[in-house]
Amino acid sequence: MSKSDTSKPANSMWGGRFASGPDAIMTAINASIRFDQRLYAQDIAGSRAHAAMLAQQGIITSNDAQAIREGLLTILSEIESGAFEFSDALEDIHLNIESRLTQMIGEAGKRLHTARSRNDQVALDFRLWVRGQCDSAIEGITALMRAFVMQAEAGADWVMPGFTHLQTAQPVTWGHHMLAYVEMLSRDRGRFEDARRRMNECPLGAAALAGTGFPIDRAFTAKELGFDRPTANSLDSVSDRDFALEFLSAASICALHLSRFAEELVIWSSAQFRFVRLSDRWTTGSSIMPQKKNPDAAELLRAKIGRIMGAQVALLTVMKGLPLTYSKDMQEDKEQVFDAADTLMLALAAMTGMVGDMTANRDVLAQSAAMGFSTATDLADWLVRSLNLPFREAHHVTGTLVAMAESAGVDLPDLSLEQMQSVHSGITQAVFSVLGVENSVRSRQSYGGTSPVRVAEQVARWKAALG
């Protein structure tokens, strides 16, 4: 007996080119079934559409196509019920499903892979999955936007400090601050919508990299799977992961916005600020300090964002040096996307809950808004409007008055008219009409400003837009 006769049996998945099966370590590094089994529904949907197209084109018989469709539906039920046994030896979700199908229906199952490759198959499955995640992200963002709009409507005229450098700058309204996040999230939602439109082309039919000699109908499978059109270049079809990178980019920017508000919640709920109260649903206590009510949900959300941003960098690094077309490196495209998508959806749900439950401390907000000479800009503007001073001179006069008030340990409205006139004789009693924080926010009526009138308009606009 020859040496080849005593070797291990040929690997059934790789064909006769390989005389023996892979080493155990090679199996461990090569197999992706531990994570890509998550694509089972997309893989089955793609295979059903492919089989229907093959039958329509006369490439396989209608009887084979029917057996394939029924077998795939049975496999779908097995996976969803937990009865399906995944095998590392079969590497990935595609071969696991195909092997089980062939086991169930025999030769017909072997015909399913006609006119396609695992390269276009995985490109399809992954694209379908990411497209679905875009839809979920859009839904989650919309729910969070509604929560912010509800807060804005409730506090459209509540005065609070606006900050620059985390120092009191000018009075704003609570509603205006809430609507700032609605605007951010609307851009996030738009990025996911835009990414979804761009990725909505079907790579199935590109085969390994060059297309196929079989008379397939790619428009048929694209339509069956809800795509706008088939992809136009087979090389690009199997090597493109831009859709995943765009998803991660949109997710990273959205996560950044969530993290910014999480940071504000941590600050605002502290004893030093007391701007908001978070419900017990989103806080924890201390094992040693009984007075503590920690904003752990916000802190964890703030930290988890790094996983999403890290996923984007990881996939960019995988893809940055790959020549056309497919390389096995691209098997590393999924785990970080899966984790980022899970993390984003958890973060959106948690933030929606926190925003919906949080209670603003209106009195503390108003008291804080009046601190730190927050109406100094209003004073400068009044000097320009009423005394026709150049703004730079008005700025200097106001700065002098701020220094005077600070030295006396009072705020600007507490200065007497005589004290103000000692800095500029033209100042009149009318100046006090602009120094209160309520007057300040009411005066900011430019489009996009913090005036309660403008806030109410924006709330109405967003309520109509969000339904």
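Residues numbered from 1 in each chain as written. Predicted model: local features only at pLDDT ≥ 70, side-chain atom pairs only at ≥ 80, totals over all residues. Heavy atoms only, no water.

**Here's the deal with a nonpolar patch on the surface**
Quick reminder of the rule: Patch membership requires more than 30% relative accessible area and the absence of a salt bridge. Residues of like charge join within 9 Å; the nonpolar side chains Val, Leu, Ile, Met, Phe, Trp and Tyr join within 5 Å. Computed with the Shrake-Rupley method and a 1.4 Å probe, the accessible areas treat only the protein chains shown as cover for residues. Basic side-chain nitrogens of Lys or Arg form a salt bridge, by our definition, when they fall within 4 Å of a carboxyl oxygen of Asp or Glu. Put simply, DSSP H or I for four residues or longer makes a helix, DSSP E for two residues or longer makes a strand, and each gets a number counted from the N terminus.
Taken together, the side chains of Leu209, Leu235 and Leu324 define a hydrophobic patch exposed on the protein surface, amounting to about 270 Å² of accessible area. Checked against the element boundaries, Leu324 lands in the loop between α13 (296–319) and α14 (335–357).

**What about the nonpolar core?**
Put simply, the rule reads: Buried residues of nine kinds, namely Ala, Val, Leu, Ile, Met, Phe, Trp, Tyr and Cys, make up a nonpolar core once their side-chain atoms join them within 4.5 Å. Relative accessibility decides the category of a residue: with a 1.4 Å probe and only protein chains considered, values under 20% of the type maximum give buried, values over 50% give exposed, and everything between is partly exposed. In this description, contact between two residues means that some pair of their heavy atoms is separated by no more than 4.5 Å.
Core analysis: the largest hydrophobic core is formed by 98 residues, its most contacted members being Trp174, Phe192, Phe261 and Met351. Residues in contact with Met351, not counting those within four places in the same chain, are Leu144, Leu258, Phe261, Ala262, Leu265 and Leu301. Core analysis: the second largest hydrophobic core is formed by 20 residues, Leu389, Leu401, Leu412 and Leu415 among them.

**Describing the environment of Asp217**
Selection criterion: Throughout this description, a polar contact denotes any pair of N or O atoms lying within 3.5 Å of each other; where both atoms belong to protein, one of them has to be capable of donating a hydrogen while the other can accept it, and for residues adjacent in sequence the pair is counted only when both atoms sit in side chains.
The topology assignment puts Asp217 in the loop between β3 (201–202) and α10 (218–224). For Asp217, a relative accessible area of 26% translates into the label partly exposed. Not counting the four nearest positions on each side in its chain, Asp217 is found in contact with Met53, Gln56 and Gln57. One polar contact links the side chain of Asp217 to the main-chain amide nitrogen of Phe220, over a distance of 3.2 Å.

**What about α13?**
Put simply, the rule is: Here the expected length of a helix is defined as 1.5 Å per residue gap, with one fewer gap than residues.
Taking 1.5 Å as the rise per residue, α13 with 24 residues should run 34 Å; its terminal C-alpha atoms sit 36 Å apart, in good agreement. Of the residues making up α13, those classed as buried are Ala297, Ala298, Leu301, Ile305, Ile308, Ala311, Gln312, Leu315, Val318 and Met319. In the core, the buried residues of α13 are packed alongside α11 (234–239), α12 (242–268) and α14.

**Let's talk about the pattern of salt bridges**
Counted by the stated rule, this structure contains 24 salt bridges. The shortest N-O distance in the salt bridge between Glu153 and Lys463 comes to 3.0 Å. Of this pair, Glu153 sits in helix α8 (residues 118–154) while Lys463 is found in helix α20 (residues 452–466), placing the two residues 310 residues apart along the sequence. For Lys463, a relative accessible area of 41% corresponds to the partly exposed category. A salt bridge links Lys334 to Asp333; the shortest N-O distance between them is 2.8 Å. Note on accessibility: Lys334 and Asp333 belong to one class, buried. Several salt bridges converge on common partners, so that one network encompasses Asp194, Arg197, Arg198 and Glu246.

**Description of the pairing of strand β2 (residues 167–173)**
Here is the rule we go by: Two strands are counted as paired when DSSP detects at least two bridges linking them.
As paired elements, strand β1 (residues 159–164) and β2 share six bridges and run antiparallel to each other. Its bridge partner lying in β2, Pro161 is registered against Pro171. Hairpin connection from β1 to β2: two residues lie between these consecutive antiparallel strands, with His165 at a positive phi of about 55°.

**Considerations on helix α15 (residues 362–369)**
Cut-off, in case you're wondering: Working note: the arc is built from the helix axis to C-beta atom directions.
Every buried residue of α15 is accounted for by Val364, Leu365, Ser368 and Ala369. Looking straight down α15, one finds its buried side chains confined to an arc of 135°; they lie on one side. In α15, the exposed residues that point more than 90 degrees away from the buried face are Asp363 and Gln367. The elements touched by buried residues of α15 are β1, β2, α9 (174–199), β6 (359–360) and α19 (437–443).

**Re the packing of aromatic side chains**
Using the following cut-off: Two rings from Phe, Tyr or Trp (for Trp, the six-membered ring) form a pair when their centres are within 6.5 Å of each other. A pair whose planes differ by under 30 degrees is stacked, one over 60 is edge-to-face, and the rest are tilted. Charge-over-ring placement is defined geometrically: NZ (Lys) or CZ (Arg) within 6 Å of the ring centre, and within 35 degrees of the ring normal.
Tallying each qualifying case throughout the model produces 14 aromatic pairs. Summarising the aromatic geometry, the rings of Tyr181 and Phe261 are spaced 4.8 Å apart at their centres and angled 65° between planes, so their arrangement reads as edge-to-face. A residue pair is termed long-range when its members are at least 10 positions apart, and Tyr181 in helix α9 and Phe261 in helix α12 qualify at 80 residues. With relative accessibility at 6%, the residue Tyr181 sits in the buried group. Residue Phe261 is classed as buried on the basis of its relative accessible area of 1%. Between Phe261 and Trp268, the aromatic rings sit 5.9 Å apart at their centres with planes inclined by 90°, giving edge-to-face as the arrangement. The pair formed by Phe261 and Trp268 is uniform in burial state, with each residue classed as buried. One cation-aromatic arrangement involves Arg38 over Phe338; the distance from NZ or CZ to the ring centre is 5.1 Å. Above the plane of the ring of Phe126 lies Lys334, whose end atom (NZ or CZ) is 5.6 Å from the centre.

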